[in-house]
Amino acid sequence: QVQLVESGGGLVQAGGSLRLSCAASGSVFSIDAMGWYRQAPGNQRELVGLISSSDRTNYADSVKGRFILSRDYAKNTVYLQMNSLKPEDTAVYYCNAMARVDYYSFSTNYWGQGTQVTVSS
């Protein structure tokens, strides 16, 4: 199994910045894409951004130009730098990873527990 542990959420004023971190541990053989989703109250979970094992990124239109994904491959960690935050960015942010536990296994989707990000106006 693979565990994802998130950190870095909190309360920030509009226009401010936060950086989220997500570290994968456990039986990690390889990790393909890693990234973040978010879910605001009453809304469905939505993609924020993903970064592949070749550092290709894909962002939701709502965060393009404000959020930046990066990976530390030695630490199996993905970071989400969030700048120019808006009240509508308020949500629980979930880390996501497509990982394999050994050479013969298929890539499986794993989720973190979520971290709250609140942006005040």
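The structure we're discussing is the one just above.
What you are looking at is a predicted structure, and each value in this text was computed from that prediction instead of being measured.

Trainee: What exactly am I supposed to notice about unusual backbone geometry here?
Mentor: Negative phi characterises most residues that are not glycine, and trans characterises most peptide bonds. Of note, Asn 76 is a non-glycine position whose phi angle comes to about 50°, a positive value. With respect to the secondary-structure elements, Asn 76 resides in the loop between strand 7 (67-72) and strand 8 (77-82).

Trainee: Looking at this structure, how should I read the sheet that holds strand 1 (residues 2-7)?
Mentor: Hydrogen bonds along the backbone pair up the strands of a sheet, which may run parallel or antiparallel. In spatial order, the strands read 1-3-8-7; together these four strands make up an open sheet with antiparallel pairing. For this open sheet the edge positions go to strand 1 and strand 7, each flanked by a neighbour on one side alone. Looking at each pair of strands side by side, their axes are set apart by 15° on average, direction ignored. Examined bridge by bridge, strand 7 and strand 8 share six bridges and lie antiparallel to one another. Counted as the bridge partner of Ile 68 is Gln 81 from strand 8.

Trainee: Just checking my understanding: could you explain the state of the cysteines for this structure?
Mentor: Here, disulfide denotes a covalent bond that connects the sulfur atoms of two cysteines. Here the structure, examined in full by the defined rule, presents one disulfide. The side chain of Cys 22 participates in a disulfide bridge whose partner is Cys 95; the two sulfur atoms lie 2.0 Å from each other. Its S-S torsion of approximately -85° makes the covalent link between Cys 22 and Cys 95 left-handed. Placement of the pair is Cys 22 in strand 3 (residues 18-26) and Cys 95 in strand 9 (residues 91-100), with a sequence separation of 73 residues.

About the criteria used
- Residues numbered from 1 in each chain as written.
- Predicted model: local features only at pLDDT ≥ 70, side-chain atom pairs only at ≥ 80, totals over all residues.
- Heavy atoms only, no water.
- Helix = DSSP H or I, 4+ residues; strand = E, 2+ residues; numbered from the N terminus.
- Pairing = 2+ DSSP bridges.
- Axes fitted to C-alpha atoms, helices over the stretch in contact; angles between N-to-C directions.
- Disulfide = S-S within 2.5 Å.

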